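Reading the structure
Now for the letters of each chain:
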2 protein chains.
Amino acid sequence: MTDKQDKQFQKTSLLDKVSRPEDLQGLSPTELNELAGEIREFITKSVSQTGGHLASNLGVVELTIAMHRAFDFRRDRLLWDVGHQCYAHKILTGRKAYFSRLRQEGGISGFPNPAESPTDVFTVGHAGTSIATAVGMALGAAHNRTDEKIVALVGDASIVNGLSFEALNNLGLVKRQLLIVLNDNSMAIDVTQGSMASLLSKVRLSHTYEDVRNTAAMILNHLPVIGKPMEEALANLKKTIRMAISPSRLFESLNIHYFGPVDGHDIGSLIQLFKTLSELDSPAILHVFTRKGKGFSPADTNPCKFHSTGPFEINGNGISAAAGGRSYTEAFGDALLEAARANPKLIALTAAMPDGTGLTKFRETFPQRYYDVGIAESAAVDIAAGLAKQGLRPVVCIYSTFLQRSFDQIFQEISLQNLPVVFCVDRAGAVGDDGPTHHGLWDIGLYRMLPNLILTSPANEAEMHGALRYALSQDQPVIIRYPRDKIPADTEGLGDAPFETGRGIWVRKTDSEIVIAALGAVLAEAVMAVQMLEREGIFVSLFSARFARPIDPTIVDFFAQGKTVITVEDHSRGGGFGEAVLSQACQTAQEKGLEEMKQSIGKAVLLGGEEDTFIPIARRRRQLEWMGLTAERIVDMVKKLISDGSAADLQRREFMRQGKE
Amino acid sequence: MTDKQDKQFQKTSLLDKVSRPEDLQGLSPTELNELAGEIREFITKSVSQTGGHLASNLGVVELTIAMHRAFDFRRDRLLWDVGHQCYAHKILTGRKAYFSRLRQEGGISGFPNPAESPTDVFTVGHAGTSIATAVGMALGAAHNRTDEKIVALVGDASIVNGLSFEALNNLGLVKRQLLIVLNDNSMAIDVTQGSMASLLSKVRLSHTYEDVRNTAAMILNHLPVIGKPMEEALANLKKTIRMAISPSRLFESLNIHYFGPVDGHDIGSLIQLFKTLSELDSPAILHVFTRKGKGFSPADTNPCKFHSTGPFEINGNGISAAAGGRSYTEAFGDALLEAARANPKLIALTAAMPDGTGLTKFRETFPQRYYDVGIAESAAVDIAAGLAKQGLRPVVCIYSTFLQRSFDQIFQEISLQNLPVVFCVDRAGAVGDDGPTHHGLWDIGLYRMLPNLILTSPANEAEMHGALRYALSQDQPVIIRYPRDKIPADTEGLGDAPFETGRGIWVRKTDSEIVIAALGAVLAEAVMAVQMLEREGIFVSLFSARFARPIDPTIVDFFAQGKTVITVEDHSRGGGFGEAVLSQACQTAQEKGLEEMKQSIGKAVLLGGEEDTFIPIARRRRQLEWMGLTAERIVDMVKKLISDGSAADLQRREFMRQGKE
């Protein structure tokens, strides 16, 4: 056994003994460091099997251990920002055994979740919320006259979000302890965005390891807390720490006590710093440097790739990602490149999600026509509005769930001005293993209310190209939505017809009383359903709606023909495409005085997400099943309608009648 | 004639000669100052007749004149933030004659509007958008290789908004000219909110008029622009200007060139400063001090009161506001006070709209339980979430249109955690003279999609108390929506019954085939409609829905009884209460296999706003008329249904049948 193997063995045995924060209390600084190594190894191994966020979690292991040693989060409160970096925290709070089912149905979430542990305060997943909720909790503690410590852990990518800034600007409301730990893991200037990020990068580059160690020592020397007048100690400290480009200028001008930067991997100092700073009776920021991916070299050198990963193999620290089919995201990336080659006015924008939205190739090919504004979805939309006013063709690429941050800008700067901005909304619909914080189940409902907006949804790769070409040719805003999913292999040549505003296409036209109107990616499920039904001698019609707004008059006409319409959409039923169809049908029937049409509207069946449920973590297709959107569930619904007698396949009903007679 | 009167006379004649920016070119500095006085007088007189925003407009007259003299906004671009301070700009761009119809049907808007003039770039009304759209326009100009100047005018209240910060953080994307004019009119620390505001206040208090004049001179001396290397000049300037608490530390740490503070009423210096700074080939901020309400002493001493005002009388510079009835806002203010007395855990929050949301009495009575976070709607919601986690009962008071900024926070921090936060949403529905930027027509659609949320809407004062009591007793989030309107005088004792989740109340129960289901304030119109119909011998039923979510099963049951249901809501039809009713009815009929019920669902008539129209500026009742929601329009609809034969009052139909036989 080599020395290294020997150490490895000891490490494993340490983590075996630790499953609760209390278990940390007896450990020496050396042991805590060893424990950090073991946790890192555990996370790497675990994520290699289940997939999940890797680099960010490896970076905060020491920080997490130190927090749990310095605070007691059974009563103190820890607010995570985004929260995908909470794995070490989960391991230390009784959830180590559940990591084999991380981000899986019935397993634990990859994000904080109070249902799993009282040490998780909020279920989070979106950025910039930790400081604002911490302010609320601190104000609450003041009202309650309780003295629990409030800690917000926020990364350098999240602190630039507008919500973070609004909260920082209101930090003065808090007249008691509140510690913000700024986890600064910026890797290099080129991956960070904005002035704040480059400020932090400059600070990082100008600080040696020695500087950082000295800063920690200096803070601890000046703030021995007990017995000394704090005001004076703080004043002395600030005189001592002078740094040309320190972020202290930024934070102190907002009247926020700033401390740092310190080493985020030095557990011993961190514990002391946390204890000391938590004695301040006012809000403070502790700026810590950490290294994303620390300890696993592929993640350390390529943290973007290992930000969120599927399962992978650990080959002597190399990796080989598990293979998969072609995704909507990839199809979009290619469609955008094609469009950009044809149109020099096309500009692509994203908000810190270039990889996830398929923009990496575009960024390489057209760096001058690419903007990443960081986690600032609201600003991204308004910048796009400005570009459109100048005659350019901005394409805004933001996940459905994060675009929620921009509803008001899409209302005022896009819809009200009727600007031709194209929104390419990835992660629309059920999102799979990220769970409730990340579903894109409300985008149709949000944007179909706003005048001038067109909403379309491609069903396959050809349609992705068609939809984007169409969108870029419109003189008004267009939203294109598609899921985080593989494109179905067999789409039967669908989508060759060019996109026309508010016009769908027939997939299967029969004389059945039942017509399925499916929107976007779930068309594939409807196609399978139709095929399954055909095998049983049931022939229903299938229409690909393509547009959630405006609604194709063909669909409205189905009611006039007395059909039973089943709408299929990967969206909440509340506010969705199906309700838009119903509403449009009522209005048409009313305006045209079509009494017979009115009688068939109520027969409609709207398949989509339940209004009062958050769809739990599971594989996406399982989530579709819960929403009634898989081929099997659609088949069940068709059969139920037939057996209820509320609608029937014509031939089959004829057959049944003959049987009875 | 006194000297003063004499001057007065000259002034009037100056403004008579100025209607276009070109007209400013021939005027001397003295004349420009006189013109400013005349414009101020014109605005005061005009607003006293029409109502409108006063104090903010009086503050920026010199600033506006200087901008129009230094720039040519036929090609340069001026981006207003919020935009209610654009009156002088409108006067100088050909719209003086239209001020008699300011904020009135067919007249000019109180906000910028490109439909009125090409010098208005965006229709705005919400805060924090100017810097972001300016960044977009500057990037666009760079792509287009054009050299128009881009100017964003942003107030100190707007710059603290998260969107402003996100844009400031991305200012580095712009490698060309972009001038941000920070119009700092903070009056005193107690009316401003947050750290940035107190920083600005400190700067203001520490600067004498002399300092401010010197600063302008210093900037102009150091930056004579032509021929000198700019980098060097900037470096020298920054060495020269040293101020202990200057905001330059804040902005410069974000790598933004900061200049100021300078006097915003010194037209001569401003013109020179604008010309000089517009030669910079990078973004810069010019910080100007102005005085809200300058020149009209009641507005000068009480700018809050004159922020937005109805018509008033100018009595030797005193005022007497036009009288009016009691508003929903006032009713809410009282209901909240009552609730707060009963419940010490109640905390009220707002985002810079204490007056408009009726919180002034609460603030006086319970200063320790009141938080105003400034224009930071997203943070307000997350702070409320933190308070609720601590067991307090936060009540968030934000206008419907501005709460759109918080959709994502209401999703993640409120709905997903199921926290008992109460939202009191004023300005829901058609908003009257503020127009399209301010309507609250999408709140039901937004929030009814989110699990756990309850949506209710009181119809009168008693119901306001009832709804709030109910909301505060729930263990989940509740949204209470009501319009900017007077409470109808006659509400016939409605609303005495306590609020119960998802239960409405009968107002008029008949055996008619027609049932009107009205939500909230527009119930009063429905009551009038029913009375008008009764006078003609038509007796229809009227149900007050009270809840937009969950939908009362009584309403769904109307369809089972074969009724024709008319839904009445002050909301967009798309996504609204009516669609929720339809959807719920379809689902119930489907689940219970009620074939006959299905036949009546399609007969429903949904009254509400059109999906593809922005409702123009007019009085609120006129807007309700356009949406088909006034008593007269409801009567028309009922009669149309009867004459179409699609539904009929039972007795009347009987009568008609007898007649025919």
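Just so it is clear, the model here is predicted, and its values are computed rather than measured.

1. Some remarks on the sheet that holds strand E18 (residues 541-544) of chain A
Remark on secondary structure: sheet strands pair via backbone hydrogen bonds, oriented parallel or antiparallel. Residues and elements named next belong to chain A. One open sheet holds the five strands; their spatial order is E16-E18-E17-E20-E21, and the pairing between them is mixed. Strand pairing shows two members of the sheet lacking a second neighbour, strand E16 (505-508) and strand E21 (605-609), which therefore form its edges. Neighbour-to-neighbour, the strand axes of this sheet turn through a mean angle of 20 degrees, independent of strand direction. Relative to strand E20 (residues 564-572), strand E17 (residues 514-518) is paired through five bridges, and the arrangement is parallel. Residue Ala 517 lies in a different strand from E20, and its bridge partner there is Thr 567.

2. Here's the deal with the relation of the copies chain B and chain A
After a rotation of 180 degrees and a shift along the axis of 0.0 Å, chain B superposes on chain A with an RMSD of 0.0 Å. On the angle and the small slide along the axis, the relation comes out as a two-fold axis. Proximity to the rotation axis, assessed at the C-alpha, singles out Gly 162 of chain B in chain B; its C-alpha lies 1.7 Å from the axis. Mapped onto chain A, 100% of the interface residues of chain B again fall at the interface, so both copies present the same surface.

3. Considerations on the sheet that holds strand E2 (residues 77-80) of chain A
Residue and element names in this part refer to chain A. Spatial strand order, E2-E3-E4-E6-E5: five strands in an open sheet with parallel pairing. Both outer strands of the open sheet, E2 and strand E5 (257-263), are each paired with one neighbouring strand and no more. On average, adjacent strands in this sheet sit at an angle of 20 degrees to one another, irrespective of strand direction. Bridge count for E5 against strand E6 (residues 283-289) is five bridges, and the pairing is parallel.

4. Observations concerning empty space enclosed by the protein
Following the criterion strictly, the structure yields nine cavities of 30 Å³ or more and no others. When its volume is computed, the largest cavity comes out at roughly 130 Å³. Contributing elements (two or more residues each) for the lining of the largest cavity: helix H7 (162-169) of chain A together with helix H7 (162-169) and helix H16 (377-389) of chain B. The residue makeup of the lining of the largest cavity, split by class, is two nonpolar, eight polar and five charged.

5. What to know about H7 of chain B
All names here are of chain B. For H7, the buried fraction is high: eight of the eight residues fall into the buried class. The set of residues buried in H7 consists of Gly 162, Leu 163, Ser 164, Phe 165, Glu 166, Ala 167, Leu 168 and Asn 169. Where H7 begins, the side chain of Asn 161 points an oxygen toward the backbone nitrogen of Leu 163, at a separation of 2.9 Å.

6. Thoughts on the interface of chain B and chain A
Every contact between the two is made by 117 residues of chain B and, on the other side, 117 residues of chain A. At the boundary of chain B with chain A, total buried surface from both sides reaches about 9600 Å², with 58% on carbon and sulfur atoms. There are six salt bridges connecting chain B and chain A. One salt bridge in this structure joins Asp 612 of chain B and Arg 549 of chain A, with 3.8 Å as the shortest N-O distance. Applying the counting rule to chain B against chain A returns 47 residue pairs in polar contact (both at pLDDT 80 or more). The element best represented in the side of chain B that touches chain A is helix H6 (residues 130-144) of chain B, accounting for 10 residues. Here the side of chain B that touches chain A is built from residues that sort into 51 nonpolar, 42 polar and 24 charged.

7. Description of the nonpolar core
Judged by nonpolar contacts, the single largest core of 384 residues is most densely connected at Phe 274 of chain A together with Phe 274 of chain B. Sequence-distant contacts of Phe 274 of chain B, that is, excluding residues within four places in its chain, are made with Leu 63, Ala 66, Met 67, Ala 70, Phe 71, Leu 179, Val 181 and Leu 286 of chain B.

8. A look at the pairing of strand E10 (residues 346-350) of chain B
All names here are of chain B. For E10, the buried fraction is high: five of the five residues fall into the buried class. Taking every second residue as pointing to the same face, both faces of E10 are buried, with Leu 346, Ala 348 and Thr 350 on one and Ile 347 and Leu 349 on the other. When E10 meets strand E12 (residues 393-397), the two strands line up parallel, connected through five bridges. Its bridge partner lying in E12, Leu 346 is registered against Arg 393. Judged from the three bridges that link them, E10 and strand E11 (residues 370-372) form a sheet pairing that is parallel. Looking at the pairing, Leu 349 lines up with Tyr 371 of E11. Considered for its hand, the β-α-β crossover made up of E10, helix H15 (residues 360-365) and E11 is right-handed.

9. Notes on the packing of aromatic side chains
The tally for this structure, following the rule as stated, stands at 37 aromatic pairs over all chains. With 5.7 Å between their ring centres and 70 degrees between their planes, Phe 42 of chain B and Phe 99 of chain B make a pair best called edge-to-face. A residue pair is termed long-range when its members are at least 10 positions apart, and Phe 42 of chain B in helix H2 (residues 29-50) and Phe 99 of chain B in the loop between helix H5 (87-95) and H6 qualify at 57 residues. Note on Phe 42 of chain B: relative accessible area 24%, which makes it partly exposed. A ring pair is formed by Phe 362 of chain B and Phe 366 of chain B, whose centres lie 5.3 Å apart and whose planes are at 50 degrees; its orientation type is tilted. A relative accessible area of 16% means that Phe 366 of chain B is categorised as buried. An aromatic cluster of three or more residues is present, and its members are Phe 42, Tyr 87 and Phe 99 of chain A.

10. Examining the pattern of salt bridges
Pairing between side chains becomes possible if they bear opposite charge and their charged atoms approach one another. Applying the stated criterion across every chain yields a total of 70 salt bridges over all chains. We note a salt bridge from Arg 621 of chain A to Glu 525 of chain A, for which the minimum N-O separation is 2.7 Å. In this pair, Arg 621 of chain A is assigned in helix H25 (residues 620-626) and Glu 525 of chain A in helix H21 (residues 523-535), connecting sequence segments 96 residues apart. The salt bridge involving Arg 448 of chain B is made with Glu 579 of chain A; its shortest N-O contact spans 2.6 Å. Of this pair, Arg 448 of chain B sits in the loop between helix H19 (443-447) and strand E14 (454-456) while Glu 579 of chain A sits in helix H23 (residues 577-592), each in a different chain.

11. Details of H23 of chain A
Helical periodicity: at 3.6 residues per turn, an α-helix aligns residues three or four positions apart in one direction. If you check H23 of chain A, its first and last C-alpha atoms are 22 Å apart, about what 16 residues at 1.5 Å a residue would give, namely 22 Å. Most of H23 of chain A sits out of view: 13 of its 16 residues are buried.

12. A few points about the domain arrangement of chain A
All names here are of chain A. Once the domains are mapped, chain A shows domain 1 (3-301), domain 2 (328-491) and domain 3 (505-660). Of the residues lining the interface, 15 residues belong to domain 1; the matching set on domain 2 comes to 14 residues. Here domain 1 meets domain 2 over a buried area of about 1200 Å², counting both sides, of which 51% is carbon and sulfur. Three residues stand out in domain 1 for area buried against domain 2, namely Arg 103, His 126 and Gln 193, and they jointly supply 50% of the buried area on that side. Taking the shortest distance from any N to any O, the salt bridge between Asp 434 and Arg 103 comes out at 2.7 Å. Taken together, the residues that form the side of domain 1 that touches domain 2 break down as six nonpolar, eight polar and one charged.

13. Topic: the pairing of strand E13 (residues 422-425) of chain A
Residue and element names in this part refer to chain A. By the alternation rule, side chains of E13 split into Val 422 and Cys 424 and Phe 423 and Val 425, which are all buried. Pairing analysis gives three bridges linking strand E12 (residues 393-397) to E13, with the strands arranged parallel. Its bridge partner being in E13, Val 396 is matched across the sheet by Phe 423. Sheet topology note: the E13/strand E15 (residues 478-481) ladder contains four bridges and is parallel. Bridge pairing in E15 places Val 422 opposite Val 478.

Cut-offs and rules
- Residues numbered from 1 in each chain as written.
- Chains lettered and ligands numbered in written order.
- Predicted model: local features only at pLDDT ≥ 70, side-chain atom pairs only at ≥ 80, totals over all residues.
- Heavy atoms only, no water.
- Pairing = 2+ DSSP bridges.
- Helix = DSSP H or I, 4+ residues; strand = E, 2+ residues; numbered from the N terminus.
- Axes fitted to C-alpha atoms, helices over the stretch in contact; angles between N-to-C directions.
- Least-squares fit on C-alpha atoms with pLDDT ≥ 70 in both.
- Contact = heavy atoms within 4.5 Å.
- 1 Å grid on protein atoms, 1.4 Å probe; cavity = no way out; pocket = protein on both sides within 12 Å on 5 of 7 lines; lining within 4 Å.
- Points joined across faces, edges and corners; volume = space filled by probe spheres on them.
- Nonpolar A, V, L, I, M, F, W, Y, C, P; charged D, E, K, R; others polar.
- Buried < 20%, exposed > 50% of the residue type's maximum accessible area, 1.4 Å probe, protein only.
- Polar contact = N/O pair within 3.5 Å; in protein donor to acceptor, adjacent residues only side chain to side chain.
- Buried area = accessible area lost by both parts, 1.4 Å probe.
- Salt bridge = Lys/Arg side-chain N within 4 Å of Asp/Glu carboxyl O.
- Core = buried A, V, L, I, M, F, W, Y, C linked by side-chain atoms within 4.5 Å.
- Right-handed = clockwise from strand over helix to strand, strands pointing away.
- Phe/Tyr/Trp six-rings, centres within 6.5 Å; stacked < 30°, edge-to-face > 60°.
- Expected span 1.5 Å × (residues − 1).
- Domains from an automatic or database assignment.

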